[in-house]
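Residue strings, one per chain:
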Amino acid sequence: MKDTGGTTANQDAGGRDPAAPAAPVGPHDRRPRRGRASRAGAVLALATAAALALGGPAAAAPVDGVPEGAVAAQNPVLGSGPAPGGSADGGPEDPTGGPDPAAEADDRDTGPGDDETGGVDAAELDAFIAAHLERVGLPGATVAVTRGDRVVHTGGYGHDGNGEPLRADSPMRIASLSKSMTALAVMQLVEDGAVGLDDPVRDHLPEFTTADPRSDLITVRRLLDQSSGMSDRGHPDVAGTPQPATLTEAVARLRDAELTSAPGERWQYHNPNYQVAARLVEVVAGEPFAEYLERHVFAPASMADTRSSAPDAPGPGASGGARPEPAPGHIRAFGANVPVAEPPAFGTGSGDVVSTAEDMARWLILQADGGRAPGGERLLSAAAVELTHTPSAPGGRYGLGWMRRGPADGASGTQVWHGGAMSTYSSYQVLVPGTGYGVVALFNSGITLTENDTWGLVEGVLDLTEGRTPAVADSSLWKVDAAFGAATLTVAGLGVLGVRRAGAWAGRRAVLPRWRTALRLLPYALPPLLLPLVNPLLTWVMGGREGTWLQRFYGIPAELAFVAATALVCLAVLAARTVQLLRTARGPAGAVGATDAPAPSGPADGAAGTGW
């Protein structure tokens, strides 16, 4: 279907999540001038702790995927909120600029009318999506809506990281939606009789082993429903350096992995489960995984612009044409959408597929039509497709590359879905069996404090397909960023003041016992000492999902900028005051007393030898 050419300005009007925690302000001290800078250290230390408390939940899975625990509660927002999403970014102004919505108004194709879609109006969908992106400040998205075996609507909105308008055929990173494609590939081998879902993985992949002998009991099913016992706590897959380059290397790295539960006992989201599954496919099928997907999934499904981005992936698409690389995605910081490159991370089998809204519409049709592609070719039986949609993991929500949610989770009815998130891209796919509708939304912005902005678009589209008026909500992300930005500037200002007055501060304390001076300096030492603990703390908060500092920063830039600024300011003030104390200790007592401090009343009150 023709691209609607929808575009958005990037203006954020505020108010996204009333439950979002308020950002801390900087250490304002209104007491007399003499004590203001000297008391800032204790306040800055407390502010650092507050920033960690707010920022922790936001720094979730730094590569596509769902953080442990988030989907288990069917609340995949990385802190709080109603959205189902991937793992865990908005602004009044986009520095890249963007196309003029009026410039492409006459290039829109609203698609089939109500009689073809069963009630939803494609023009209404188009208007809602464009307005939502403009309202919450997202840089861009591509969207597909299907019903049964028909495409209802596809469109591109906003712009890519190069400033070009997004279209329905723009290449986008689909992150963990890739898992459903890996699961389908495995199920094809199951239907061929080459693999059994309840076969131990080692029966087909002897190279797979861990440091725990219980891994011999991991079955193919337990890989796909994420209950293998492997987890980020037992094997941090993201932050390891260097990252593996092939599936063979990825599986080899698991030799040192610890299981954190018995196979089949507990659901734990872990990307390497799907990397092992992808390696199993290429060993059993006798061809590289990327080539298998190309020949057995993408080509027969007419997904000509979809590919794995694995190093050994084929070059031309199924149609023989060239495949452009996705443009840089965005991080959302201080009210702006900033185009940046995706940090390197291995994701073959678990999150490396690049696709388009048009191709993903075909993918939804295949899922809704019992494994039959839009062109009529059957890739999988209806029973096998239904099996992938059916929860089998403990907790009753995760199937084989798909999840299920219902009214108890805030949905209007049963939904089969999955989310994905990277540092600079995010995505959702949702099927509603009761209405026959399917929705895919691909965003060129990544993990943020909450997913309300992105999930709100999907939820609004689902509302329209079910005859409801979508809720109109604005984004609060820029407000949180503004508060942290103000706090950062306040801390920086206090730091400049503290450094400039270090000499006077040291002079006043030259007559005090050393231990009292040391106690006054101690609060300034805490933020620099605690800074290296921030990333481990975020890893703990996110159930063991590790990430590099860059990946964390991409997710919560304002919060981490505040934490880092606090540590650097405290370090600068600490260094300046220490230097001045040493100078004071070496200089003539009379000179110091005459210029920087009240003269001592007598030798007992502090001779020159009592200072540092």
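Residues numbered from 1 in each chain as written. Predicted model: local features only at pLDDT ≥ 70, side-chain atom pairs only at ≥ 80, totals over all residues. Heavy atoms only, no water.

1. Examining the confidence of the model for the protein
Across the protein, pLDDT averages 79, with 74% of residues at or above 70. Of the regions scoring below 50 in pLDDT, residues 317–321 engages in nine contacts with residues more than four places distant in sequence or in other chains. Overall, residues 589–612 carries pLDDT values under 50, and its contacts beyond four positions in sequence, including any with other chains, amount to 29 contacts. (pLDDT = per-residue confidence, 0-100. Contact = heavy atoms within 4.5 Å.)

2. Quick word on the pairing of strand β1 (residues 140–147)
For a regular strand, side chains alternate in direction, first toward one face of the sheet and then toward the other. Of all eight residues making up β1, seven are buried, and the element is well covered by its neighbours. Bridge count between β1 and strand β2 (residues 150–158): eight bridges; the pairing is antiparallel. Paired with Gly140 across the strands is Gly158, a residue of β2. Remark: two residues form the turn of the hairpin made by β1 and β2, two consecutive strands paired antiparallel; Gly148 in that turn has positive phi of roughly 60°. Judged from the seven bridges that link them, β1 and strand β11 (residues 437–443) form a sheet pairing that is antiparallel. Counterpart to Ala144 in the pairing with β11 is Val440. (Buried < 20%, exposed > 50% of the residue type's maximum accessible area, 1.4 Å probe, protein only. Helix = DSSP H or I, 4+ residues; strand = E, 2+ residues; numbered from the N terminus. Pairing = 2+ DSSP bridges.)

3. Description of the sheet that holds β2
Taken together, six strands build an open sheet; the order of strands is β2-β1-β11-β10-β9-β8 and the sheet is antiparallel. Edge positions in the sheet fall to β2 and β8 (403–405), since each has one partner strand and no second. Averaged over all pairs of adjacent strands, the angle between strand axes in this sheet comes to 15°, irrespective of strand direction. Here strand β10 (residues 426–432) runs beside β11; their pairing, made up of seven bridges, is antiparallel. Paired with Val432 across the two strands is Tyr437, which belongs to β11. (Axes fitted to C-alpha atoms, helices over the stretch in contact; angles between N-to-C directions.)

4. Here we look at helix α13 (residues 452–465)
For α13, built from 14 residues, the straight-helix expectation of 20 Å at 1.5 Å per residue is met to within 8% by its first-to-last C-alpha distance of 20 Å. Counting buried positions over the 14 residues of α13 gives 13, a clear majority of the element. (Expected span 1.5 Å × (residues − 1).)

5. Quick notes on the side chain of Gln275
Position of Gln275 relative to the elements: it lies in helix α9 (residues 271–285). Judged by relative accessible area, Gln275 falls into the buried class, the value being 5%. Residues in contact with Gln275, not counting those within four places in the same chain, are Leu247, Ala250, Val251, Phe346, Gly347, Thr348 and Ser350.

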